[in-house]
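# Structure at a glance
Spelled out from the first residue to the last, the chains are:
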Amino acid sequence: MSDCLFCKIVAGEIPADIIKEGDDWLAFRDINPQAPTHVLIIPRQHVATLNDVEEDSADIIGSLTLAAKTIAREEGIADSGYRTVMNCNSDGGQSVYHIHVHLLGGRSMRWPPG
Ligand code: 5GP
Ligand code: ZN
């Protein structure tokens, strides 16, 4: 998708603080961090929202989740704890329409989320 911000990061057209890459995903630091660790993990493939994940793209979700687990360990937050979030559409607070997992940690999270 030529007009998608995260596709441009995947293509290297927009800079990002990339911390880890896999065959089908990319992880980089959020530009506006909401916690001491705030990493976004995105598929290389463009999928707009969680609503658009179908059987043939479901493996992506597993890859993103495994990446989150690995990065949490590397960021030193695995044992203290962390939160993974996927926002969907406007009520979910999604602002970039290319699916991504937020990995948040390094502080105590509140519940329920706002
Ligand atoms: P959403 O609101 O869609 O769940 O999350 C989008 C996230 O992308 C937000 O946390 C926002 O701070 C982050 N973001 C938006 N633009 C950029 C950017 O250009 N670079 C990086 N690294 N993060 C971005
Ligand atoms: Zn995209």
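Note that the structure is a prediction, hence the values are computed from the model and not measured.

### Brief notes about the coordination of the zinc ion (ligand 2)
Tetrahedral metal sites with four donors have an ideal angle of 109.5 degrees; octahedral sites with six donors have ideal angles of 90 or 180 degrees. With distances of 2.0 to 2.3 Å, the protein atoms coordinating the zinc ion (ligand 2) are Cys-4 (SG), Cys-7 (SG), His-46 (ND1) and His-98 (ND1). What the four donor atoms of the zinc ion (ligand 2) show is an angle range of 106 to 116 degrees at the metal, which sorts the shape as tetrahedral. The sequence pattern describing where the donors of the zinc ion (ligand 2) fall on their chain is C-x2-C-x38-H-x51-H. Remark: His-46 occurs in the loop between strand S3 (37-43) and helix H2 (58-74) and Cys-4 occurs in the segment before helix H1 (5-11); sequence separation between them is 42 residues. Overall, the relative accessible area of 7% leaves Cys-4 in the buried class. With relative accessibility at 23%, the residue His-46 sits in the partly exposed group.

What counts and how
Residues numbered from 1 in each chain as written. Chains lettered and ligands numbered in written order. Predicted model: local features only at pLDDT ≥ 70, side-chain atom pairs only at ≥ 80, totals over all residues. Heavy atoms only, no water. Donors = N, O, S within 2.8 Å, 3.2 Å for Na, K, Ca; no water. Tetrahedral: all angles 85-135°; square planar, octahedral: opposite > 155°, others 65-115°. Helix = DSSP H or I, 4+ residues; strand = E, 2+ residues; numbered from the N terminus. Buried < 20%, exposed > 50% of the residue type's maximum accessible area, 1.4 Å probe, protein only.

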